[in-house]
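# Examining the three-dimensional arrangement
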Amino acid sequence: MNERDKLLEIKNLKKYFPIKAIPFKSKASQVKAVDGVSFDVFKGETLGIVGESGSGKSTLGRTILRLLEPTDGEIIFEGNNLEKLNNRQLNGYRKHMQMVFQDPFASLNPRMRVKDLVGEPLALQKTLSKAEQARQVLDIVEKVGLTKSSLSKFPHEFSGGQRQRIGIARVLSMNPKLIIADEPVSALDVSVQSQVLNLMMDLQDEFKLTYLFISHDLSVVKHISDRVGVMYLGRIVEIGPKSNIYVNPLHPYTQALLSSIPIANFDVKKEKIQLEGEPPSPSNPPPGCTFHTRCPHAFDRCKIERPELVEQSNGQYVACHLYNAVTINNETSKNDKNKILVVQS
Ligand code: SF4
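Every value quoted in this text rests on a predicted model; they were computed, and no experiment measured them.

### A short note on the confidence of the model for the protein chain
The share of residues in the protein chain with pLDDT of 70 or more is 88%, and the mean pLDDT across the chain is 87. Confidence drops under a pLDDT of 50 for residues 326–345, and excluding neighbours within four residues, the segment shows 29 contacts in the predicted structure.

### Describing the sheet that holds strand E8 (residues 210–215)
Read from one edge of the open sheet, 8 strands run E6-E7-E8-E3-E9-E10-E12-E11, paired in mixed fashion. Looking at which strands have only one partner, the edges of the open sheet turn out to be strand E6 (97–100) and strand E11 (310–313). Averaged over all neighbouring strand pairs, the angle between strand axes comes to 20°, with direction disregarded. Pairing geometry for E6 and strand E7 (residues 178–182), over 4 bridges, is parallel. In the strand pairing of E7, methionine 99 is matched with isoleucine 180. Together, strand E3 (46–50), E6, E7, E8 and strand E9 (227–232) form the strand contacts of helix H1 (residues 57–64), whose direction differs from that of E8 by roughly 150°. Against the sheet, helix H10 (residues 252–259) contacts E9 and strand E10 (235–241), and its axis sits at roughly 105° relative to E9.

### A few points about the packing of aromatic side chains
Scanning all chains against the criterion turns up 4 aromatic pairs. Residues phenylalanine 77 and tyrosine 93 carry aromatic rings whose centres are separated by 5.9 Å and whose planes lie at 85° to one another, so their mutual orientation is edge-to-face. Residue phenylalanine 77 is located in strand E4 (residues 72–77), and its partner tyrosine 93 is located in helix H2 (residues 87–94); the two are separated by 16 residues in the primary sequence. Under the relative-accessibility criterion, phenylalanine 77 is labelled buried at 0%. You can call tyrosine 93 buried: its relative accessible area is 17%.

### A short note on the nonpolar core
Grouped together as the largest cluster of nonpolar side chains are 61 residues, with contacts concentrated most on Val144, Ile168, Leu203, Phe213 and Tyr253. In terms of residues, this core owes the most to one element, helix H7 (residues 190–207), which gives 6 residues. For this core, the two domains that each supply at least three residues are domain 1 (3–20 + 28–96 + 176–263 + 270–344) and domain 2 (109–172). When near neighbours in sequence (up to four residues on either side) are disregarded, valine 144 contacts Arg165, Ile168, Ala169, Leu172, Leu199 and Leu203.

The rules behind the values
- Residues numbered from 1 in each chain as written.
- Predicted model: local features only at pLDDT ≥ 70, side-chain atom pairs only at ≥ 80, totals over all residues.
- Heavy atoms only, no water.
- pLDDT = per-residue confidence, 0-100.
- Contact = heavy atoms within 4.5 Å.
- Pairing = 2+ DSSP bridges.
- Helix = DSSP H or I, 4+ residues; strand = E, 2+ residues; numbered from the N terminus.
- Axes fitted to C-alpha atoms, helices over the stretch in contact; angles between N-to-C directions.
- Phe/Tyr/Trp six-rings, centres within 6.5 Å; stacked < 30°, edge-to-face > 60°.
- Buried < 20%, exposed > 50% of the residue type's maximum accessible area, 1.4 Å probe, protein only.
- Core = buried A, V, L, I, M, F, W, Y, C linked by side-chain atoms within 4.5 Å.
- Domains from an automatic or database assignment.

Here you go:
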């Protein structure tokens with residue numbers, strides 16, 4: 001991939017939510033839901049973002065779309081820094097970046113028929129005649145696997161999987177370049193999940209779409225993604241090509257996550273790694289590496305210095321002192337790195 005292939009660049013993005021102080025009890029504080037995230041998304045790829053509940057992945061998606069105002073950082077879409085655009089220019093870009101939500105029922109107006117739900121974005125553009133618009137709506141509805149008879153129905157008349165298809169059809173009618181899908185199949189039955197995932201992959205090929213696919217489900221992310229980013233407590237701790245992440249995870253957190261699921265199609269033996277304790281609160285993250293309170297390989301440096309993402313090989317980046325050549329305690333790092341490699345072999 002080269003610079004020209006970048007569709008989206010995220011630079012040191014932060015989203016903090018203020019917490020009100022309780023009188024005489026606590027100081028005002030803030031939840032650091034997204035705390036300095038940087039990555040690129042390349043044209044035509046699917047970048048999966050995984051992490052436990054509370055890792056900040058949904059807030060990340062909403063902040064990129066500017067549904068939430070960023071606290072700091074840059075969102076660069078097709079070379080344009082969205083922060084520097086005026087409202088009219090920003091609205092122009094917004095239609096190229098759309099979101100598919102976990103619960104399509106909540107995002108679809110229950111009083112609108114499918115033809116209006118899908119046709120509304122086209123009507124707002126005011127470029128098509130009524131007949132052209134009707135033709136295009138039918139075309140999109142059929143592309144997502146629904147029939148002509150569904151046009152006159154309301155959302156409650158459909159199953160969960162069909163409603164997600166309507167949500168995707170509505171997004172497609174805006175002709176987006178980037179779709180941020182936030183847990184788009186997690187509310188669906190397992191049998192329906194793969195149908196919707198396959199539909200998204202077919203549409204990606206046909207419409208040259210780029211996806212940022214957010215999910216807590218590592219198996220789902222493996223199915224659809226080209227690259228995968230792993231989030232922990234508001235930060236990306238590892239990112240790289242799917243095959244690297246699933247076969248040779250480097251970060252201890254990624255290793256623990258992957259050790260808990262069966263990985264079909266990848267010939268990798270794993271020992272189950274049990275993490276101690278719960279993730280710390282994002283309102284009071286630990287100093288240094290925020291994973292050090294649960295990491296089986298933590299050493300002194302981890303408690304003091306926050307590790308940055310550093311490329312290890314072939315586009316695989318990891319934020320962990322075990323892999324950083326410049327160390328305070330070189331011997332400890334080398335030993336621990338060897339330990340991790342033994343765990344995977
Ligand atoms: Fe574990 Fe230290 Fe690496 Fe953090 S930096 S993941 S605590 S070894």
